[in-house]
Amino acid sequence: MSASRAAAAGREAWTPADARDPAAVSARLRARGVVLEPDEVRLLTELLGRGPRWAEAVLFGILWSEHCSYKSTRHLLKRLPTQAPQVVIGPGEDAGVVALPAPCDDLVLVLGHESHNHPSQVLPVEGAATGVGGIVRDIVCMGAEVVGVLDALRFGDPRSGVHARDVVRGVVEGIAGYGNALGVPNLGGDAVFDAGFDTNCLVNAMAVGLAPADGVLRSRVPEGPGPWAFVLVGKPTDESGFGGAAFASGELGDPGGADPRGAVQLPDPFLKRVLNAATYEAFRVTRERQLACGFKDLGAGGIACATSELAAAGGCGAVITLESAHRVNRELSPEIILCAETQERYCWVVPESFADELCAIYERAFALGDVHPGAGARVIGRAVEEPRYTVTWHGETLVDCEVRAITAGRREEREAKPRTRRQPPRARRRAPDPRRALLTMLGGLHVGSRAYLYRHYDGDVQGRTWLRAGEGDASVLRLHAERPTGVAFAVGGNPFWCDGDPELGAAHAVAEAARNVAVTGARPWALTDCLNFGHPEDAEVMGDLEQTLAGLASAARALGGLAAVGQPLPFVSGNVSLYNQVGPHAIPPSPIVMCAGVIHDVTRALGIGLRGAGHVLVLVGEPRDGLEGSTYAREVLRERGGPPPPLDLEREARLEELAVAIAEGGWARAAHDVGDGGLAVALVEMMAGAADDATLGAELDLEPFEVEPAVSLYCERPAIVYEVPFERLARLSQAARDQGFVAWPIGTVSAQPQLRVRMPGGETLTWSRVELEQAREAGLRKLWNEEGV
Amino acid sequence: MSAARVAIVQFPGVNCEAETARALARAGLETELVRWTRPARDLAAFDAYVLPGGFSWQDRVRAGALAAKDPMLDELAARADAGAPVLGICNGAQVLVEAGLVPGSGNDEPGAESRDEVRVALARNRMPERTGYYTRWVWCRVEETQCVFTRALEPGALLPLPVAHGEGRFASAKKGRVAALAEAGQAPLRYAHADGALAEAFPENPNGSDASAAALCNARGNVLALMPHPERAATLGQVSRAIGGAWGERRDRALAAGDGSAFGDGPGMAIFHALARFFEGHV
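Note that the structure is predicted; figures quoted are calculated from it, not measured.

Student: Would you take a moment to explain the nonpolar core for this structure?
Tutor: Burial of nonpolar side chains together is a common tendency in soluble globular proteins. In this structure, Val-231 and Val-510 of chain A together with Tyr-49 of chain B are the most contacted members of the largest nonpolar core, which totals 377 residues. Among the elements that take part in this core, helix H20 (residues 502–519) of chain A stands out by supplying 11 residues, more than any other.

In structure tokens:
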């Protein structure tokens, strides 16, 4: 490495005198790819008491980016409930940690949720893959083994152009290629298509892990005298992903910016699989020897952020000798080595006496260097008592500041105002053909089958999977081969509803995720979220965001009772993704929520597929009384906008309590949430979930509903359909009454492979299972197979 | 009598070693993970070998191609020649086929030059209107065979198992070769419909495999290349709810009973129990 390069990184980026015109400094920095707002230029000069070196300017530019600092939202996020008895570690670390009930109380569940929206829009395969890779590292750095991933996807309208379609295919390829090779089962998620995401797709990746209850690692230098060594493990540092945080904190296609593709990281699931296996071995050894350790993944800001935050969280300082870091065999400037977002790396803090042994696990027992040239493990620094963070490069100082400067944090006050919403168009008075209406909806991308998509994903690897994507309203894992306990996962978030009413839409997102978990028989246990929004400088975007937080909070406060009576359902981890906007059009407000649930006995988990002819179909929930926000209104009546259906959170809590009681009592054979597309689509999906050799169908009688048929068939207010053996009907009905609900017998499971609906007045409508399946499968298959525009 | 010791052979990128070990332990077998960084001669001390699924060496060149050249495969070939059972699951099957252990030297074509010549390959899935990796639970029909891993099962019996791969199509340059192997009893499991009829078309035959072969073994029957994943079907209750037939009925009955019987053996355990039974006669 030439001395001149080092000198550049160590040279002053601006002088205190320059800082008197912070706007000019800010503009000059931006031209060099460093983003610091004018007031941040002033603040950094004050914090350091001098002009910063270039390496310091790069570091603080990343630390204070929206992506890393949450400066526009951190204070607002305090509005979400995060405390409950089961919470071990709430938001603030890389992932949240919750306790599990006996007999799995020796384990904890680790939950994380990230977005990788901007990278996936620009380079869909790599962007989505590194999204999975990043969230997996967040789980592992808590000391956990990763046992599942989920993904919530929001795509543009494929009819909008070739790129929207290529984004869909690329994102799915990226998720599949990474997760499958890593050997982590995909537990589902959801996918929505809407023109509002044409220029900004959303890729939210969630991951779950398991750790011994006494084996959780923190991202900090441990207490005690040490001496502590910082050990960097994994891929050799290169220039990939340099500037990724700034990229994620601005608008795509910003004309002043460089080609953003260089800021997208490069995925390597093959190396990651070996790196994780070696890390799990290191967990085993450090636990066995009862060694205090700190552990953190390298994400935005690379070595600089990871090591400085480890030191800051431990209340001490650090000296990093950057030239010790293993890196690719070509010349890189020191600030790039310091801050690049090279994937597949972690940083340990271990007793110095253990450092060589730790390196040997990675370099010899797992021979990382054979797997990827230059990969390995190196001691790159040590902790010091004085709270000062120093980075040197061959003896020259690149960074030297008090740790408190790093943790100072930033807060950006943003104006918020409620958005003026369009009045929803008045309902047109026409009666579409009810038979064709169902096929139209099933053939669309919104409620069609997701099988074409999820069959790209390995859902069974690791052997714990009990209910897979498409088999239940939530996916279920059995936690331990000799115990009955399981965990369930589902996601929620309807952008159409959030666009119509951000607060009510957000409440629905929580309710939907929690209800899906409860329908399978699991108790909603904890939440994660990502808030995907447009520019924070836009007051209406901030208004949407504040309303969204209100909705998430009110629903979470109402729905925690199944884990701990009288307690909220806690948010334990989350993420905010802003700047999902090009020009004046922000994406629809898009909170995406994951709910994790706990089921005491997985053999009680209810799937959606019909099981046996002669069973009674029972509807429990809110009345079928309107078409607000329904898929039917959008796709058949062609009405856009307007609010979602109402949501009574107190009744929602009782509905979920009832759902868990029904599953635990073993009173039903199948259960399905009435969601997108209403009761008719729910029944079609239950038929599709039947066993492959079964010729089962559903007979539905609309007479008892006393509303027009379209409303009973397509209303999307919360409800659950159960398949109940006749002899269990009385027990289930009594339980429903106890919770203030009526269990409506609405039909039966038939031995005819068809959906038959008896309309009020006696006319019947019939759809064959084959025609329903063909319609459901058509949308995504076409999306993957059509060429050209 | 000490339990038979099974080496779980792991190349980098193999990712199904933990559940494979659990399934073997469930069958009463003792296992040890042997990583690629150990010397090949360490393998000599074991009674049987399992190559689990995953992406060895990142599927570089072709799935299984690089691992097939590892010195460990020479050791495995020698042990297989001595009669030791060897099971390759998914990527492990790809390795065994690439290394020529399956279908093996017992089936040399007239004019074939050496065992290294690849006569049967696991080619890319052939699926209408889709490409790449594909996952699904499928039916596998047990065939009349001398294969160590299936010979105790009744011919015609059906096992529901999950497949998850992008290159699982047993194929040969010479037309009819896979069918001839099946004819000779070297395709112990073949893709079928729920009613037991052989599945020729997608999706029941999930990859377009010749002769609907889900697995091929060597002539002696002690080396099996199996594309589906039995270790993921070790428990009755975890059998996909899309699966009907006798296994589906058994699963639903056990789930409805709520008495823990759903934690009993799933269809995949048949393969691992067969290995354990092999040693009851031998060790």
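From this point, the narrative continues.
Student: Which parts of the structure should I look at to understand the pairing of strand S11 (residues 223–226) of chain B?
Tutor: Residue and element names in this part refer to chain B. Residues of S11 alternate between two faces, with Val-223 and Ala-225 on one and Leu-224 and Leu-226 on the opposite face, all of them buried. Bridge count for strand S4 (residues 86–89) against S11 is 4 bridges, and the pairing is parallel. Along S11, the bridge assignment pairs Leu-87 with Leu-224. Pairing geometry for strand S10 (residues 215–217) and S11, over 3 bridges, is antiparallel. Bridge assignment links Cys-217 to a residue of S11, and that residue is Leu-224. Between S10 and S11, which follow one another and run antiparallel, lie 5 residues, and Gly-221 among them has a positive phi close to 90°.

Student: Help me understand the pairing of strand S7 (residues 158–165) of chain B, please; the structure alone is not making it clear to me.
Tutor: Taken residue by residue, a regular strand's side chains alternate between the two faces of the sheet. All names here are of chain B. Of all 8 residues in S7, 8 are buried; the element is thus mostly enclosed. By the alternation rule, side chains of S7 split into Leu-158, Pro-160, Pro-162 and Ala-164 and Leu-159, Leu-161, Val-163 and His-165, which are all buried. Bridge count for strand S6 (residues 134–142) against S7 is 8 bridges, and the pairing is antiparallel. Looking at S7, one finds that Thr-135 is bridged to Ala-164.

Student: In this structure, what is going on with the packing of helix H17 (residues 434–443) of chain A against helix H27 (residues 769–785) of chain A? I would like to understand it.
Tutor: In helix packing, the relevant descriptors are the interaxial angle and the interaxial distance, both defined with respect to the helix axes. All names here are of chain A. Across the interface, H17 lies against H27 with an axial gap of 7 Å and an inter-helix angle of 35°. Counted together, Leu-439, Leu-442 and Gly-443 of H17 and Leu-772, Ala-775, Arg-776, Ala-778 and Gly-779 of H27 form the full contact between these two elements. In terms of residue class, the contact of H17 with H27 is made up of 5 nonpolar, 2 polar and 1 charged.

Student: Whenever I open this one, the packing of helix H2 (residues 22–31) of chain A against helix H3 (residues 38–48) of chain A confuses me. Can you help?
Tutor: Residue and element names in this part refer to chain A. Where H2 contacts H3, the two axes come as close as 7 Å, and the packing angle between them is 100°. Taken together, the axes of H2 and H3 are roughly perpendicular relative to one another. In this structure, H2 uses Pro-22, Ala-23, Val-25 and Ser-26 to contact H3, whose residues at the interface are Pro-38, Asp-39, Val-41 and Arg-42. A class-by-class count of the residues in the contact of H2 with H3 yields 5 nonpolar, 1 polar and 2 charged.

Basis of the calculations
- Numbers given to residues run from 1 along each chain, matching the order in which its sequence is written.
- As a convention, the first chain written is A and the first ligand written is 1, with the rest following in written order.
- This being a predicted model, a pLDDT of at least 70 is required before a residue's local features are given, and a value of 80 or more before pairs of side-chain atoms are given or counted; all residues contribute to the totals for chains, interfaces and linings.
- By convention in this section, buried Ala, Val, Leu, Ile, Met, Phe, Trp, Tyr and Cys residues joined through C-beta atoms within 7 Å make up a nonpolar core.
- Around each residue's C-beta, the other C-beta atoms within 10 Å are counted; 20 or more make the residue buried, 12 or fewer make it exposed, and counts in between make it partly exposed. All C-beta atoms are placed from the backbone.
- We count a stretch as a helix when DSSP gives it H or I for four or more residues in a row; a strand needs E for two or more, and each element gets its number in order from the N terminus.
- By definition, two strands form a pair when at least two bridges between them are found by DSSP.
- Only the stretch in contact is used when fitting a helix axis, every axis being a line fitted to C-alpha atoms; angles between N-to-C directions are given from 0 to 180 degrees.
- By the criterion used throughout, residues are in contact when their C-beta atoms, derived from the backbone, lie within 7 Å.
- Each residue gets one of three labels, nonpolar for Ala, Val, Leu, Ile, Met, Phe, Trp, Tyr, Cys and Pro, charged for Asp, Glu, Lys and Arg, and polar for the others, Gly among them.
- Here roughly perpendicular refers to angles of 65 to 115 degrees, roughly parallel to angles under 35, roughly antiparallel to angles over 145, and oblique to all remaining angles.

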